[in-house]
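A structural walkthrough
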Amino acid sequence: MEIHNPFTMVVLIVAIVFGAKLWRTQMMLRARMSRNEAGGAVVSGMQEQIDRLTRRVAVLEKLATDDDRRLAGEIERLRSSEGDGFGR
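Before going into details, it helps to say that this report is about the structure given with it. (Residues numbered from 1 in each chain as written. Predicted model: local features only at pLDDT ≥ 70, side-chain atom pairs only at ≥ 80, totals over all residues. Heavy atoms only, no water.)

1. Things to note about the overall build of the protein
The helix and strand inventory of the protein stands at 1 helix and 0 strands. When the 88 residues of the protein are sorted by exposure, 2% land in the buried category. Taken as a whole, the protein presents about 8,400 Å² of accessible surface, with 64% of it coming from carbon and sulfur. (Helix = DSSP H or I, 4+ residues; strand = E, 2+ residues; numbered from the N terminus. Buried < 20%, exposed > 50% of the residue type's maximum accessible area, 1.4 Å probe, protein only. Areas by Shrake-Rupley, 256 points an atom, 1.4 Å probe, with all protein chains shown as cover.)

2. Things to note about the environment of S34
By secondary structure assignment, the location of S34 is in helix α1 (residues 6–83). Among the polar contacts listed, one links the side chain of S34 to the backbone oxygen of A31, at a separation of 2.9 Å. (Polar contact = N/O pair within 3.5 Å; in protein donor to acceptor, adjacent residues only side chain to side chain.)

3. Some remarks on the pattern of salt bridges
If you walk through the whole model with that rule in mind, you get 1 salt bridge. Here R79 makes a salt bridge to E76, at a shortest N to O gap of 3.1 Å. Of this pair, R79 and E76 both sit in helix α1, 3 residues apart, which is roughly one turn of the helix. (Salt bridge = Lys/Arg side-chain N within 4 Å of Asp/Glu carboxyl O.)

4. What to know about a nonpolar patch on the surface
A contiguous nonpolar surface patch, about 290 Å² in accessible area, is contributed by I3, L12 and I16. The class of L12 is partly exposed, set by a relative accessible area of 38%. (Patch = residues over 30% accessible without salt bridge, like charges linked within 9 Å, V, L, I, M, F, W, Y side chains within 5 Å.)

The structure is reproduced here in structure tokens:
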């Protein structure tokens, strides 16, 4: 095959352009896949954080509810002790 032949030069140019396009597409696909994997890790980390915060809020709600009941009971106990003459 003679390289100075115009037909050979055209075929080589088309092959080089096609190969470059194929390589570029493959690189873009790899980059997109790695971004998706990294994005999945970010989403997974965020989901873990949301779960942890949800558990903390549940505990805080329980504490807040228990404290209200205990506080109300304490106020009632103090009121009843005031009536017995043990107040101020």
